[in-house]
Amino acid sequence: MTDSKYFTTTKKGEIFELKAELNSDKKEKKKEAVKKVIASMTVGKDVSALFPDVVNCMQTDNLELKKLVYLYLMNYAKSQPDMAIMAVNTFVKDCEDPNPLIRALAVRTMGCIRVDKITEYLCEPLRKCLKDEDPYVRKTAAVCVAKLHDINAQLVEDQGFLDTLKDLISDSNPMVVANAVAALSEIAESHPSSNLLDLNPQSINKLLTALNECTEWGQIFILDCLANYTPKDDREAQSICERVTPRLSHANSAVVLSAVKVLMKFMEMLSKDLDYYGTLLKKLAPPLVTLLSAEPELQYVALRNINLIVQKRPEILKHEMKVFFVKYNDPIYVKLEKLDIMIRLASQANIAQVLAELKEYATEVDVDFVRKAVRAIGRCAIKVEQSAERCVSTLLDLIQTKVNYVVQEAIVVIKDIFRKYPNKYESVIATLCENLDSLDEPEARAAMIWIVGEYAERIDNADELLESFLEGFHDESTQVQLQLLTAIVKLFLKKPTETQELVQQVLSLATQDSDNPDLRDRGYIYWRLLSTDPVAAKEVVLAEKPLISEETDLIEPTLLDELICYIGTLASVYHKPPSAFVEGGRGVVHKSLPPRTASSESTESPETAPPGAPSGEQPDVIPAQGDLLGDLLNLDLGPPVSGPPLATSSVQMGAVDLLGGGLDSLMGDEPEGIGGPNFVTPPAAAVPANLGAPMGSGLSDLFDLTSGVGTLSGSYVAPKTVWLPAMKAKGLEISGTFTRQVGSISMDLQLTNKALQVMTDFAIQFNRNSFGLAPAAPLQVHAPLSPNQTVEISLPLSTVGSVMKMEPLNNLQVAVKNNIDVFYFSTLYPLHVLFVEDGKMDRQTFLATWKDIPNENETQFQIRDCPLNAEAASSRLQSSNIFTVAKRNVEGQDMLYQSLKLTNGIWVLAELRIQPGNPSFTDLELSLKCRAPEVSQHVYQAYETILKN
């Protein structure tokens, strides 16, 4: 008969009967009684009154009975701590039992009894078990140390158990090693500051040896531990990767994901030129593909992890598009995740295949899935420019199906395509207008209204169309009302004579009949703009819109790097760092990818993206500007915390190349006489020699006139302008400018108190910005600022703050606090304050780099009426850290070849052509080449500012 009989009894007076049975002399009767007690305990009856009788049953050789008693003991020891002490002697005795199973059972139970009173009695038995001859006992004791540490950390440290645990990492048995690693990792998580897992190449070697022989969960513990190690150089990283790679073919998906995590981390340290790097990329694809043949729940977890991997290194799975095609019987959550990854992997090579597949999905029956598929077609158009035309015709075919929700989604994505490719596909507007009546969802209605307003001059009956929406204005959602208000104002500015009544109608609806503050405020702004200055209104409302970014749903690079360190955990499924969903701070440590080592940098080619920066194929992540004010509002305006500089390498902009380090290899490839312009060195007069440097000999000195970083630099300083007027800051007026002197950047501020009260307690903080500018010291206003008093302050800045691409690139959002309030303003800093002193390239490197940067990255500008000749221009630019590498004269024109380097390591190369005009004013032509073309416009502005002032 099975054990279910123990759960069926409901007799009264049962406790007394059980008591008698527990004290019986017959072993079988005793065992039956303990089983009944455990059954009662399991269904929630209180059998704690039997504690002494059950504890007496511990003195037995029968392993089954002993396990049952230990189970009871674990459950009731907390509520009966005084009684639990009775069991201590038996534990001590059991820890010396000849049977290793009993020794292990005793030590396991000891760890589960969470009673402070008896923990100290258990130290001696635990010490013996940690050094037991049997590995099964040692591995159980290792876990017991972690449990004991959770109850009483001080006791464990005083008794020296942590050192014993560290010694177990060198144990001969792989399972003991795995459990020791697991225990130390758990203890280290609750004490992040303690350096328990002090990993070095020797201990790593032992872990890798144990990795091949321990159980699958042991392997996971070891792999997770390896992921927290930072190798000293790329050779060690490669060696570890080679020994971890066989785990990719393991049957357990958790082992596979843990191995992928280790490899993804250590690949950061490998140079992309290595043959092994390419081999590793090829080896990573098959195990990830295999995970997709598991059951749906596992597939989903795998897909969420693959989503992160594809954002970090799309090249791993770029040839595996087919495995992400949706199967008819996939659950919806798997379908949507596959769709997301398909778009991330879409490229010119596979776009035809992807579009055919997406068109198929758009005719499915699952509404959510169809919507996402239609949206995906639009995202493909925005991502792969060559496919845009095909995507638009596919969307038009779908609109012809007249399926309501398909039409609405198509209109929403076509709006985005218009934003990405202006003046290209507007011929489809007529087709869209035919479907106006079928639109019932706010997003689709708003998109359609935007299209009508934006292209009103191309639509003959635009006023009638917008008027039809206006009839039910109050029933529309806020999104539609706002869009309708803007569209009608646009229409009025384009066709003022025909639409005057319409604009008055919408303005009165928005301002007088609406109780929505957003709508009312926008209505008043438009009303005042139109009534006071129609020209300004036209400039504001009909301003040219920036092109939308390729993919705005990418995870921010720093967060992505952190999530890569959590592959195979809940964080990688939620796509949130543990601190966002783990309650309390315990055990949450921020992780980041290892930096590239020096040896891997020197072999890196110029095509390689910088350490941790997204690879060339990845678009920039431009977070919504709406988030920025929220960031500023949440700023903690205390003094800046001094500490080690933040690693900004992982969040640099776009496909940027840090040419530092990688250039040495270029020099070796180029012979002395490179084909191309015949350079001559700039005249010594234009280049002040290194101060106090000993004179060398030979030609090498000619090109190295300013190699010293110590050159005194008198960079151009713009006059102070008002950044925060007093009327916006309750009487505080802030003027300022930016300066760079001898390698340090500062913000020179002038604070004026125009209020009637004294101002004190000043503090300042910057929002995240494109180049990581942040205050390097607190804002020091030494005395209270009295009414009508002005104080001048120079605030030192660093470039190690948080990085986030801003629009425009040199936008800086600032919060200033005083005893009255917190005030916000934004200003544009001139880019030349970020030009560093070691920005001079040597001639050969300049040549090789100029050739290496693609021609499409070259931008050309004109600087008119410059009052300087070539020598004077070169000298003035040099004082702002723009260095002349070489100069030549072609057909009477002076050509200056120049280089500069920004604080985040971006190099910009320039060719300045000086047209000899009238003696006092000259026209200049400037060509700029850079791997991050988005900085070129701002570099040009810096040139113009420096040369004209």
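Everything numeric in this text was worked out from a predicted model, so none of it was measured.

Strands sit in the order β4-β7-β8 across an open sheet of three strands; the sheet is antiparallel. Edge positions in the open sheet fall to β4 (763–766) and β8 (822–828), since each of these has one partner strand only. Within the sheet, the average angular offset between the axes of one strand and its neighbour, ignoring direction, is 25°. Strand direction decides the pairing type here: β4 and strand β7 (residues 811–817), joined by four bridges, are antiparallel. Bridge assignment links Ile764 to a residue of β7, and that residue is Val816.

This paragraph deals with the pattern of salt bridges. Evaluation of the coordinates by the stated rule reveals 32 salt bridges. A salt bridge links Arg379 to Asp340; the shortest N-O distance between them is 3.4 Å. With Arg379 in helix α22 (residues 367–383) and Asp340 in helix α20 (residues 332–345), this pair connects stretches of sequence that are 39 residues apart. A residue is classified by how much of its surface remains accessible, and Asp340, at 9% relative accessible area, is buried. One salt bridge connects Glu409 with Arg371, and the closest N-O pair in it is separated by 3.0 Å. You can see Glu409 sitting in helix α24 (residues 404–420) and its partner Arg371 sitting in helix α22, a full 38 residues away along the chain. No difference in accessibility class separates Glu409 from Arg371, as the two residues are buried. Among the charged side chains, a network of salt bridges with common partners joins Arg371, Arg375, Glu409, Glu441 and Glu443.

Attention now moves to helix α2 (residues 27–42). In a regular helix each residue adds 1.5 Å, so 16 residues correspond to 22 Å; α2 covers 23 Å between its end C-alpha atoms and thus fits that length. Taken as a whole, α2 has its buried residues at Lys31, Ala33, Val34, Lys35, Val37, Ile38, Ala39, Ser40 and Met41. Elements that come into contact with the buried residues of α2 comprise α1 (14–22), α3 (51–56) and α4 (63–76). A positive backbone phi angle near 100° is found at Gly44, which sits one or two residues after α2.

Let's shift gears to the packing of helix α28 (residues 478–494) against helix α30 (residues 517–532). Two numbers describe how α28 lies on α30: the axes approach to 10 Å, and their chain directions differ by 10°. Between α28 and α30, the angle is such that the two are roughly parallel. Of the residues in α30, those in contact with Gln481, Leu482, Leu485, Thr486, Val489, Phe492 and Leu493 of α28 are Asp518, Leu519, Arg522, Gly523, Tyr526 and Leu530. Its residues assigned to classes, the contact of α28 with α30 comprises eight nonpolar, three polar and two charged.

Another point: the packing of α24 against helix α26 (residues 442–454). At a minimum axis distance of 8 Å, the contact between α24 and α26 shows a crossing angle of 40°. It follows that α24 is oblique to α26 by the angle criterion. Regarding α24 and α26, the two cross each other, and that crossing is left-handed. Between α24 and α26, the contacting residues are Gln408, Ile411, Val412, Lys415, Phe418 and Arg419 on the first element and Glu443, Ala444, Ala447, Met448, Trp450 and Ile451 on the second. Partitioned by chemical class, the residues of the contact of α24 with α26 number eight nonpolar, one polar and three charged.

Attention now moves to the packing of aromatic side chains. Tallied over the full model, the rule gives twelve aromatic pairs. On the numbers, 4.8 Å between centres and 80° between planes, the contact of Tyr574 with Phe581 is edge-to-face. On the basis of relative accessible area, Tyr574 is assigned to the partly exposed category, the value being 42%. Judged by centre distance (5.9 Å) and plane angle (20°), the rings of Phe846 and Trp850 are stacked. Taken together, the positions of Phe846 and Trp850, both in helix α37 (residues 843–852) and four residues apart, correspond to about one turn of that helix. Residue class for Trp850 comes out buried when judged on its relative accessible area of 18%. Clustering of aromatic rings is evident, with ring pairs tying together Trp723, Phe738, Phe771, Phe825 and Tyr829. Its end group placed over the ring of Phe369, Lys335 keeps NZ or CZ at 5.1 Å from the ring centre.

Mapped onto the fold, Met264 is located in helix α17 (residues 253–267). Taking relative accessible area as the criterion, Met264 reaches 1% and is therefore assigned buried. With sequence-adjacent residues up to four places away left out, Met264 is seen in contact with Ile309, Lys312, Arg313, Ile316, Ile564 and Ile567.

It is worth spelling out the sheet that holds strand β12 (residues 907–915) at this point. As summarised here, the arrangement of the five strands in space is β9-β13-β12-β11-β10, forming an open sheet in which the pairing is antiparallel. A single partner strand is all that each edge strand has here, and the edge strands are β9 (858–866) and β10 (883–890). Each strand axis lies, on average, 20° off the axis of its neighbour in the sheet, ignoring direction. Relative to strand β13 (residues 922–930), β9 runs antiparallel, the two being bridged by seven bridges. When the sheet's bridge partners are listed, Cys866 is paired in β13 with Thr922. Where α37 meets the sheet, its contacts fall on β9, β10, β11 (893–901), β12 and β13, and the angle it forms with β12 comes to roughly 95°. Strands β10, β11 and β12 of the sheet are contacted by helix α38 (residues 870–879), whose axis makes an angle of about 5° with β11.

Attention shifts here to the state of the cysteines. Considering all chains together, one arrives at zero disulfides under this definition. Sulfur of Cys95: no disulfide; nearest cysteine sulfur belongs to Cys129 and is 4.0 Å away. You can call Cys95 buried: its relative accessible area is 5%. Cys391 supplies the cysteine sulfur nearest to Cys380, a cysteine that is in no disulfide, at a spacing of 5.6 Å.

In this section: the side chain of Asn769. Note on placement: Asn769 falls in the loop between β4 and β5 (774–775). When its relative accessible area of 0% is taken as the criterion, Asn769 is described as buried. There is a polar contact of 2.8 Å between the side chain of Asn769 and the backbone nitrogen of Leu773. With residues up to four places along the chain from it excluded, the contact list for Asn769 reads Ser802, Val803, Met804, Met806, Asn811, Leu812 and Tyr829.

We now examine α22. Each α-helix winds once per 3.6 residues, and so residues spaced three or four apart point in a common direction. Between the first and last C-alpha of α22 there are 24 Å, a value that for 17 residues agrees with the 24 Å anticipated at 1.5 Å per step. The buried count for α22 comes to twelve of 17 residues, which makes it a mostly enclosed element. Within α22, burial applies to Phe369, Val370, Arg371, Ala373, Val374, Ala376, Ile377, Gly378, Cys380, Ala381, Ile382 and Lys383. Close packing links the buried residues of α22 with α20, α21 (351–361), α23 (388–400) and α24. Capping the start of α22, Asp366 holds a side-chain oxygen 3.2 Å from the backbone nitrogen of Asp368, two or three residues further along.

Attention now moves to a negative patch on the surface. Taken together, the side chains of Glu464, Glu467, Glu471 and Glu501 make up a negatively charged region of the molecular surface. Mapped onto the elements, Glu501 comes out in helix α29 (residues 500–511).

Across the nine residues that make up β11, a large majority, eight, are buried. Note: β10 against β11, seven bridges, orientation antiparallel. What sits directly across from Phe883, in β11, is Ser899. Between β10 and β11, which pair antiparallel and follow one another directly, the connecting turn spans two residues, one of which, Glu891, has a positive phi of 45°. Alignment of β11 against β12, held across eight bridges, turns out to be antiparallel. Paired with Tyr897 across the two strands is Glu911, which belongs to β12. Once β11 ends, the chain turns through five residues before running back antiparallel as β12, passing Gly905 with a positive phi of about 90°.

Calculation criteria
Residues numbered from 1 in each chain as written. Predicted model: local features only at pLDDT ≥ 70, side-chain atom pairs only at ≥ 80, totals over all residues. Heavy atoms only, no water. Pairing = 2+ DSSP bridges. Helix = DSSP H or I, 4+ residues; strand = E, 2+ residues; numbered from the N terminus. Axes fitted to C-alpha atoms, helices over the stretch in contact; angles between N-to-C directions. Salt bridge = Lys/Arg side-chain N within 4 Å of Asp/Glu carboxyl O. Buried < 20%, exposed > 50% of the residue type's maximum accessible area, 1.4 Å probe, protein only. Expected span 1.5 Å × (residues − 1). Contact = heavy atoms within 4.5 Å. Parallel < 35°, antiparallel > 145°, perpendicular 65-115°, else oblique. Nonpolar A, V, L, I, M, F, W, Y, C, P; charged D, E, K, R; others polar. Left-handed = near helix turned anticlockwise from the far one by under 90°. Phe/Tyr/Trp six-rings, centres within 6.5 Å; stacked < 30°, edge-to-face > 60°. Lys NZ or Arg CZ within 6 Å of the ring centre and 35° of its normal. Disulfide = S-S within 2.5 Å. Polar contact = N/O pair within 3.5 Å; in protein donor to acceptor, adjacent residues only side chain to side chain. Patch = residues over 30% accessible without salt bridge, like charges linked within 9 Å, V, L, I, M, F, W, Y side chains within 5 Å. Areas by Shrake-Rupley, 256 points an atom, 1.4 Å probe, with all protein chains shown as cover. Lys, Arg positive; Asp, Glu negative; His and termini not counted. Charge placed at Lys NZ, Arg CZ, Asp CG, Glu CD.

Note that all results are geometric; they support no functional claim without further evidence.
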